[in-house]
Amino acid sequence: MSLLSILIFLPLFAGLIIVVLPSSVREGYKYIALAAVIVQVLISAYIYLHFNGEVFTGIADQNKYQLVERLPWISLNLGAMGKLQIDYFLGLDGLSMPFMLLTSVVMLVALLASWEIKINLKGYFALFLLLDTAILGVFSALDFFLFYIFYELMLMPLYFLIGIWGGVRREYAAIKFFLYTLFGSVFMLLVIIGLYFSVTDPATGYHTFNMLSMMDAKNYVEGSIFSALAHNELFGVSARLLGFIVLFIAFAIKVPIVPLHTWLPDAHVEAPTPVSIILAGILLKVGGYGILRVCVSIFPEAAIQSAWWLGLIGIVSIIYGALNALAQTDLKRLVAYSSISHMGFVLLGIASITPEGISGAMMQMISHGFLSSMLFFLVGIIYTRVHDREIPHFRGLALIMPKFSAFIMIAFFASLGLPGFSAFIAEAFSLIGAFNSESINGLLPRWMAVCGTLGILLSACYFLWTLQRMFFGETRLFGGEKWKIQLTDVNAREVTALCILTAFALVLGIMPSLAFDKMNASVLELIRLVNLK
Amino acid sequence: MPLLTFFINVFIPGRFTRSGFFAIASIAISLLCSLLVFIAMWNEPFIHVQTNWFTIGSWSLDVGILLNNLSVLMLPLVSGIALLVHIYSTKYMQGDPYLHRYWAYLGLFCFSMLGLVIADNLLLIYMCWELVGFSSYLLIGFWFTRNVAVQANKKAFIMNRLGDIGFLTGIMIMFSQFQTLDIISLFGEKGLVSHAIVSEGIWISGMHHMPAGWLTFAGLAFFLGAVAKSAQFPLHTWLPDAMEGPTSVSSLIHAATMVAAGVFLLARIYPLFNDTVLVLIAATGAFTAFMAGTIALTQNDIKRILAFSTISQLGFMILAMGVGASASSLFHLGTHAFFKCLLFLGAGAIIHEMVHLKEKTGLEYDPQDIRNMGGLRKYMPVTFITMAIGSLALIAIPLTSGYLSKDAILIESFEWAEGKGGWYRLVPYSAMITSWLTAFYISRLIFKVFFGEFRLKDTVGLHHVHEAAPAMKYVLVVLSLFCLFPVFSLNPLLFEDAWVIQGFPQADSMTRINAFHTVVPAAVNLISVFLIYLCFSWYGSNKPAPDFSKTGLFKFSQHQWFFDKAYNTVFVAGVLGFSRFLYWFDLVIVDGIVNLFGAIGRGFARISDWFDRNIIDGLVNLIGYLAGKLGKLIRNFQTGRLQQYLVTMLLIILTLFIYKYYTAAI
Amino acid sequence: MIPLAHFMLISAALFCIGLYAVLSKRNAIMMLIGIEFMLNAAILNFVAFGKYDKLHMGGQLFALFAIVLAAAAVAVSLAIILNVYTFYKNIDPTVIDQLRD
């Protein structure tokens, strides 16, 4: 049992304890969950500190992963068809390690936000911890089958978390979210199976689900469907390109991209605050991580072929999301659309396949993980106080909630890319990478990066407009005096959570090397792998 | 190492500055260090200290500080003015409930401004650049309960953001072309930019090349950044609105330092600009100067007049950059910083008094409207004298610092135009007209405020008005000293002797070879003096001044050339409308398609449900139904009556028997 | 010699009478008597067909065996009827219908 497995299954274990405990200790559930998550944060911090970015470059070489754990899990002898080989295969490299830390921290914050949950505590916390396990699993799984299991395992608790503890239209949102994601992942399963029959393990000669084997062209069976040499065609499209597109769509739904984004505003708005935090803070990153780990690594030449389209989608997402955010009157929807806009930078950075671009995209994902969590947390604070989020219903909140306003200003300005916060570095380098792409590999035209800068301008527009409308001016509230009493300033628990997030955003903004150093070698390795083809 | 102590001190203001004294102390230390650095470094080879910040790919970003003449000149300038404004603010902002916040914001501003000045890396400059914008945002919106103020700060930030986009684009181009953002290696004497060549429409630097259009584009992109920060046309509208902040802030940020950052940036990256861009820069500067000058003629808000005057003067600086007179431009930057700061602080002192008056008497009037003032000369003599000196410097009367710097710009622009001929001559002539406009509007301000009768004397007792508090008074005096010529040059008439000019390399030797050097200053000054007199006769006495307010030009000017309105209707409404449309699109079309799929899915589901229920389930139910019926039928036999059972048995046996019998027979 | 057909006729008549009694009588005793009638019809057939098995006397032997069995069965039946009577105070088979579902 390596540290990684402990990290992954610790929440599950805590969840089981909660399920088993009688409901008379209802108040204790959250403390059990809190303890589990804190231990989890400590473990991931330990992993972070012991992670050597230069050594653990990962990507296609098992020996270069940290904390590798490989146990035969399902090993069926199918006679003439060979042997079904599914490993319990975990490991961390520079691409996944930052997300482990991100997940742990965001989970801690989400848990602190869960104090507001009042009904059915047992189910809530058990599902919450199950979700936690699934996410950590996704980020560390290196066997595609295991990856898929964890990937699907994420859906189920989320569906219930949204569907039971959500807002007014929760059923609609939950179903929409569930179907959207399932739509993508079902096709993903097809590709996984196709890959399975195309790839053999060099060591045993059997077919395998091992992702690392899939990254090496030598391991493909001659003439198999996804073999790079065979040039198979399906429906008139190269099979590998089709595989890439299918996988991309599966992950892009999670990212999300325009036009596959409409689940996001609904799901975010209807979900309870902690689930919004998890959705925005971690779930979206699963998409970006998947694109890097799976799409780009396994189908590199297809990634290069479709880079132009990826970049275009990125640009469209940036501008479209920002303009939509500008039109919102619901604060939470605004934040949701701003997420779409910010994740566009991720796609743009990935599409560039330059070190700057991919590092920028990684940084953007991490930074957005902290900042969007913070934004949703803040929105949640208002909502729990007065059960209203309409921007025109509030005015001059800075007078009655000074501390809260300070935090929201930090969050807004950090999100719109104020230097000193992580988002600035991230956005700047995603754009620089995208711009540089034409000089280095000629994938993206320069105008894309120039258009991308518009997103920065628009984000300033919608955030500042919101600030002006909601927080400045004389206090005038839709709910009158009653609201004024209900709108108390943030309490100690909320301050703790917000401070954690602010600190991370700030530290990463001032010392981005803390993150860049860890993932740099992996990013370079990934680019080397892509350029091999 | 004075650098180290200096750097530490720069950071202090940003932190926990709850009391003004601490802020003043830290900024004073900054000033002291700046002065030390200045003395040590002026006209010395530059110092460039670097440290690794982070690494991406195989490229690592080094940041550090770069001290050359340009930055060491800016250092004491910024910190000196900042110190004076800090001292001034102790009195001016007294009693504000959020005072500690004010000091913190000021500290953040000073930090980022100083950082901007000494940064050696384009990315670092960009960071400080945005931080400057951010702290100005905070300070403009300091009175956040005032709706106008928060709208103004939003506008300022967004307009600056527009410039930032340009800056960022420039950075991207630089990085892509040269793989470094270091200023020395880019723009130094043997820098990459000067080595890059343009041949056959391709811009080549070492291994990298891109179409030559990108060189122009890079210049324009950086210039866009400067345009936004230095409030040039067409992005100038934020500056007048920014006057909603406290006056001390206006003087520090929007007159002396922040707006100069744009000019500073242009100076830093000067080698990048090609001819096309330079002409555009010059034209923009000239046009802005002229436009702002005309607008300033008709404004009535004292701060707005000064704001437009600032825009106009910044136009001069940009113009100077465009014509290649970067040294004069920076010189003007320095002199302008002092006299404009002085004017603003003087205006602040007046507004302070007017506000007090308003509070005492409880009357409703605008304390910033010069139509409400007049005759203040007798009550605020120090303010009057210092402001008069500042105005003279602004007009560029001999013996003031402004004379030196402005004449340098004018003369050099004339020389430049002479070299080009044609339409280029418009640039210096418009600049000259602008300097006459300057003379007119600033004297109008002075005469209206200080001469004549106090216009509210019927309702307000004048005895309430008195001189500004000592803290403010002495700051004004110090600043006015800096407006005089000896600080910058021992020769009051020849700008070439100024040490600031001599501190920078000049393209051509500064000899008084042609007539411009004598004709231009003379022409400017004679007409200026005439205009001042005209002003005095119109506004200085109690006689009613000629009324132009009905003419079209007056209205055009008073409404600031309708820029705000145009922007509001075209851009703001346009973008908002577009975004609403997109939201509608998102909600109706994109989501509609998704929901349509959902609906189609549900339709299919309903059909299959019907099929399932009626056909398949029907069959199943039929079987069940039949079984039930049969069961009922058979149930009827189970009467419990022995004899009936027997009959049944008999019948069955008989049936079997008959069956057997006949089948056997067959 | 009486022909076999006569035996058969009498036996059939006896059987039918017995059957009728079993199916129609509203008294358990009468049903029992009907059963005896049918048994005796069978025994009569045994005896009548016994003439074709003179060597082993199988018909006579089976007739004797059946008689003994019938006697035992009647004893048991009567006991059951007695118990039924003590339980239901009635021996009408149409009333006693607890076997129904």
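Considerations on the interface of chain B and chain C
Item 1. Contact with chain B, which involves 11 residues of that partner, is made by 13 residues of chain C.
Item 2. Interface of chain B and chain C: buried area, both sides summed, is about 1,000 Å²; carbon and sulfur atoms make up 61% of it.
Item 3. In terms of surface lost to chain C, no three residues of chain B exceed B:Gly640, B:Arg641 and B:Gln643, which account for 44% of the buried area on that side.
Item 4. Applying the counting criterion to the chain B and chain C interface returns zero salt bridges.
Item 5. Along the contact surface separating chain B from chain C lie zero residue pairs in polar contact (both at pLDDT 80 or more).
Item 6. The class makeup of the residues in the side of chain B that touches chain C is five nonpolar, four polar and two charged.

Describing the nonpolar core
Item 1. Judged by nonpolar contacts, the single largest core of 375 residues is most densely connected at A:Phe144, A:Phe147, A:Leu279, A:Phe413, A:Leu467 and B:Phe222.
Item 2. By residue number, the principal contributor to this core is helix 14 (residues 355–386) of chain A, which donates 17 residues.
Item 3. Formed by 14 residues, the second largest nonpolar core is a distinct cluster that contains B:Ala286, B:Ala289, B:Phe316 and B:Val323.

Quick notes on the interface of chain A and chain B
A common way to state how big an interface is: give the accessible area lost once the parts meet.
Item 1. Contact residues are listed per partner, giving 64 residues for chain A and 55 residues for chain B.
Item 2. Buried surface at the junction of chain A and chain B, both sides included, amounts to about 5,100 Å², of which 71% is carbon and sulfur.
Item 3. Across the contact surface, chain A and chain B share zero salt bridges.
Item 4. Remark: the boundary between chain A and chain B carries four residue pairs in polar contact (both at pLDDT 80 or more).

Quick notes on helix 14 (residues 302–322) of chain B
All names here are of chain B.
Item 1. Over its 21 residues, helix 14 runs 30 Å from end to end, which matches the ideal 30 Å to within 8%, given 1.5 Å per residue.
Item 2. Burial analysis of helix 14 places 21 of its 21 residues in the buried class, which makes it a mostly covered element.
Item 3. Note on helix 14: the residue one or two positions beyond its end, Gly324, has a positive phi of about 95°.

Let's talk about the confidence of the model for chain B
Residues and elements named next belong to chain B.
Item 1. Looking at chain B, the pLDDT average stands at 73 and 70% of residues meet or exceed 70.
Item 2. Highest mean pLDDT in chain B belongs to helix 24 (residues 642–665) (86); lowest belongs to helix 1 (residues 2–11) (46).
Item 3. Low confidence marks residues 1–10, where pLDDT is under 50. Its contacts with residues over four positions away, or in another chain, come to 17 contacts.
Item 4. Below a pLDDT of 50 lies the segment residues 13–18, which in the model reaches 16 contacts outside its immediate sequence neighbourhood of four places, other chains included.
Item 5. Overall fold confidence (pTM) sits at 0.78, and the ipTM for the predicted complex is 0.82.

A look at unusual backbone geometry
Residue and element names in this part refer to chain A.
Item 1. Cis geometry is adopted by the peptide bond preceding Pro256, which originates at Val255 and carries an omega value of -10°.
Item 2. You can see Pro256 is positioned in the loop between helix 8 (239–254) and helix 9 (263–270).
Item 3. A positive phi angle is found at Ile353, which is not glycine, with a value near 50°.
Item 4. On the secondary structure map, Ile353 appears in the loop between helix 13 (331–352) and helix 14.

With respect to the state of the cysteines
All names here are of chain A.
Item 1. In total, this model carries zero disulfides over all chains according to the counting rule given.
Item 2. With no disulfide of its own, Cys461 lies 16 Å from the sulfur of Cys451, the closest cysteine sulfur.
Item 3. Classification of Cys461 as buried rests on a relative accessible area of 15%.

So, the packing of aromatic side chains
All names here are of chain B.
Item 1. In this structure the tally under the stated criterion is 39 aromatic pairs over all chains.
Item 2. Pairing Tyr137 with Phe157 gives two aromatic rings, centres 5.5 Å apart and planes at 70°, and the pair type is edge-to-face. With Tyr137 in helix 5 (residues 122–140) and Phe157 in helix 6 (residues 147–178), this residue pair connects regions lying 20 residues apart in the sequence.
Item 3. Where Tyr661 meets Tyr662, the ring centres are 5.5 Å apart and the plane angle is 90°; that geometry is what we call edge-to-face.

Quick word on helix 12 (residues 307–326) of chain A
Item 1. Helix length check: helix 12 of chain A (20 residues) gives 29 Å between terminal C-alpha atoms against 28 Å at 1.5 Å per residue, within 8%.
Item 2. Counting buried residues in helix 12 of chain A gives 15 out of 20 residues, a clear majority hidden from the surface.

Cut-off values and rules
- Residues numbered from 1 in each chain as written.
- Chains lettered and ligands numbered in written order.
- Predicted model: local features only at pLDDT ≥ 70, side-chain atom pairs only at ≥ 80, totals over all residues.
- Heavy atoms only, no water.
- Contact = heavy atoms within 4.5 Å.
- Buried area = accessible area lost by both parts, 1.4 Å probe.
- Salt bridge = Lys/Arg side-chain N within 4 Å of Asp/Glu carboxyl O.
- Polar contact = N/O pair within 3.5 Å; in protein donor to acceptor, adjacent residues only side chain to side chain.
- Nonpolar A, V, L, I, M, F, W, Y, C, P; charged D, E, K, R; others polar.
- Core = buried A, V, L, I, M, F, W, Y, C linked by side-chain atoms within 4.5 Å.
- Buried < 20%, exposed > 50% of the residue type's maximum accessible area, 1.4 Å probe, protein only.
- Helix = DSSP H or I, 4+ residues; strand = E, 2+ residues; numbered from the N terminus.
- Expected span 1.5 Å × (residues − 1).
- pLDDT = per-residue confidence, 0-100.
- Disulfide = S-S within 2.5 Å.
- Phe/Tyr/Trp six-rings, centres within 6.5 Å; stacked < 30°, edge-to-face > 60°.

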